[in-house]
Amino acid sequence: MKYYDKLIFELSKKGRTAYSLPKVTLPCRMEKELDESLARTEPLELPEVSEVDVVRHYTALSQMNFGVDTGFYPLGSCTMKYNPKINEEIAAMQSFAALHPLQPKETTEGAERVIAELDAALAAITGMRHFTFKPCAGAHGELTGLMIIREYHLSRGDMKRTKIIVPDSAHGTNPASAAACGLEIVEAKSNADGLVDVEDLRPLLDDTIAGIMMTNPNTLGLFEKDICRIATLVHEAGGLLYYDGANMNPLLGKVRPGDMGFDVMHLNLHKTFSTPHGGGGPGSGPVGVCEKLVPFLGVNTSGYHGNFGVMLRAYAYILMLGRENVKLAGPLAVLNANYIKESLKHKYKLPITSVCKHEFVFDGLINDGAKEGVAGATTLDVAKRLLDYGFHAPTIYFPLLFHQALMIEPTETESKETLDDFIAVMEQIADEAAQDANILHEAPHATPISRPDETTAARNPILHY
Ligand SMILES: *Cc1c(COP(=O)(O)O)cnc(C)c1O
């Protein structure tokens, strides 16, 4: 029997317990008669199980999940890197974890100093002047940054700037945040090399443009090499440049958004600066600005500083790496991504062949095994089959530029052996598809559930027994 095959209620046996307490010999003074209306009429229905059953039940449930601590997790645009355990220890230290936001200021000097030093470190890494740590996620940072841009224009009496340019390769949160901020989105097209087309951009730049949101390297893992020209054009048109720094990995200590001409940016401390993430939190999306936008940043002086535990992990991570080693993260992330890309391009379609940064995109299989009466294997099939081999799937069907997008980001923390295992499995899956695509259509075969209807599972989840 597998412990996750049954609910804990189904394991229950009358009278079985997971604890043993000594008999109470002292008279109990706390006892008080409850008001009749509040008293339970029937005993509470709880599962009655032994301690070992409880342990096995929850351990089995925890093993149904996949995390960076259990295996390779090459989820593009998510930077699922290994998170050093010392960061967890530091974040859990009572002197930090027990802080209360309303504590008197003179008792929180340590925390204030962490924030000031993290601000200085991130400013040095990004070329921004100051950061606010209040935003609790990347998308939250985007909204904050866009509101800063809007306030900047309004403060100058420049009321017409209601549009924001967002490239078609952008992360989905970019247009969503812009819409939430009340800005009209103007799409900038990518050219055949996957980069923002400067010629396409030029006519969009007029006095109704508040700015442009960019990711560099973009979500195809490509460095926008025209960024300085783009910055000049946008600034000449009176707009500001917003940098989505969720995945700063490849640039850490090498290139600074501030030097590229960006005025406002956010970082995802969860992702680039350690902290396990996925499933929606906890996160931290601090927003940094250039000198002239500092007055719009708000103040970091009240007690409410955002997700302080995530900030502590980032602080510990940066101090642990130090000025020199922080520069290694980028080249290693880039090397790992290019190694996988070059090793698999004979089996998977590679729409953009240039050297990538920390991530890259395949467009499905070269030989998907489509035959008379048998549909070819899709990117979804490959992703599902990977689970059978103990790997988390890459990001699929994003970015939207390709029909069968498979976006791989190995990060800098994986060994060559792990990458080689992954490459071997990806090759094997490609061979399986070429021989009999049906094996892939029905995958995964080895997981507790195979293919739920994802829409129904999300919209109508059945969470009770
Ligand atoms: C993850 C990510 C975001 C959004 O961050 P959240 O913390 O999930 O809100 C934005 N942009 C890019 C490029 C990302 O990878």
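Here's a quick rundown of the structure. (Residues numbered from 1 in each chain as written. Predicted model: local features only at pLDDT ≥ 70, side-chain atom pairs only at ≥ 80, totals over all residues. Heavy atoms only, no water.)

Here we come to the environment of Ala91. Relative to the assigned elements, Ala91 resides in helix α2 (residues 85–92). According to the relative accessible area criterion, Ala91 is buried, its value standing at 12%. (Helix = DSSP H or I, 4+ residues; strand = E, 2+ residues; numbered from the N terminus. Buried < 20%, exposed > 50% of the residue type's maximum accessible area, 1.4 Å probe, protein only.)

What follows is about the side chain of Thr79. Mapped onto the elements of the fold, Thr79 is located in the loop between α1 (51–63) and α2. A relative accessible area of 1% means that Thr79 is categorised as buried. Only 3.0 Å separates the side chain of Thr79 from the side chain of Asn247, close enough to count as a polar contact. For Thr79, the side chain forms a polar contact with the side chain of Glu409, separated by 2.8 Å. Discounting residues that sit within four places of it in the chain, Thr79 has contacts with Asn247, Asn249, Lys271, Thr272, His277, Glu409 and Thr411. (Polar contact = N/O pair within 3.5 Å; in protein donor to acceptor, adjacent residues only side chain to side chain. Contact = heavy atoms within 4.5 Å.)

Moving on to the packing of helix α4 (residues 109–126) against helix α11 (residues 308–344). Direction vectors running N to C along α4 and α11 enclose 60 degrees, while the axes themselves pass 10 Å from each other. On the basis of the axis angle, α4 is oblique to α11. As α4 packs across α11, the resulting crossing turns out to be left-handed. Contacts from Ala111, Val114, Ile115, Glu117, Leu118, Ala121, Leu122 and Ile125 of α4 reach α11 at Phe308, Met311, Leu312, Ala314, Tyr315 and Ile318. For the contact of α4 with α11, the per-class residue count stands at 13 nonpolar, no polar and one charged. (Axes fitted to C-alpha atoms, helices over the stretch in contact; angles between N-to-C directions. Parallel < 35°, antiparallel > 145°, perpendicular 65-115°, else oblique. Left-handed = near helix turned anticlockwise from the far one by under 90°. Nonpolar A, V, L, I, M, F, W, Y, C, P; charged D, E, K, R; others polar.)

Here the focus is the packing of aromatic side chains. One pass over the full model with this rule turns up 11 aromatic pairs. Every member of this aromatic cluster is reached through a ring pair, and the members are Phe72, Phe391 and Phe422. (Phe/Tyr/Trp six-rings, centres within 6.5 Å; stacked < 30°, edge-to-face > 60°.)

Together, Tyr58, Leu61 and Met64 make up a nonpolar patch on the protein surface, roughly 300 Å² of accessible area in all. Structurally, the position occupied by Leu61 is in helix α1. What makes Leu61 partly exposed here is its relative accessible area of 38%. (Patch = residues over 30% accessible without salt bridge, like charges linked within 9 Å, V, L, I, M, F, W, Y side chains within 5 Å. Areas by Shrake-Rupley, 256 points an atom, 1.4 Å probe, with all protein chains shown as cover. Salt bridge = Lys/Arg side-chain N within 4 Å of Asp/Glu carboxyl O.)

Moving on, we come to the site of the ligand. Around the ligand sit 13 residues, and of these Ser77, Gly138, Asp244, His270 and Lys271 come closest. Here Gly138 contributes a backbone N or O atom positioned 2.8 Å from an oxygen atom of the ligand. In this structure, Asn268 approaches the ligand through a side-chain N or O atom, which is 3.1 Å from an oxygen atom. Against a free-state accessible area of 380 Å², the protein chains account for coverage of 86% of the ligand. Every element with two or more residues in the shell around the ligand is listed here: α5 (138–155) and α10 (269–272). (Near = heavy atom within 4 Å.)

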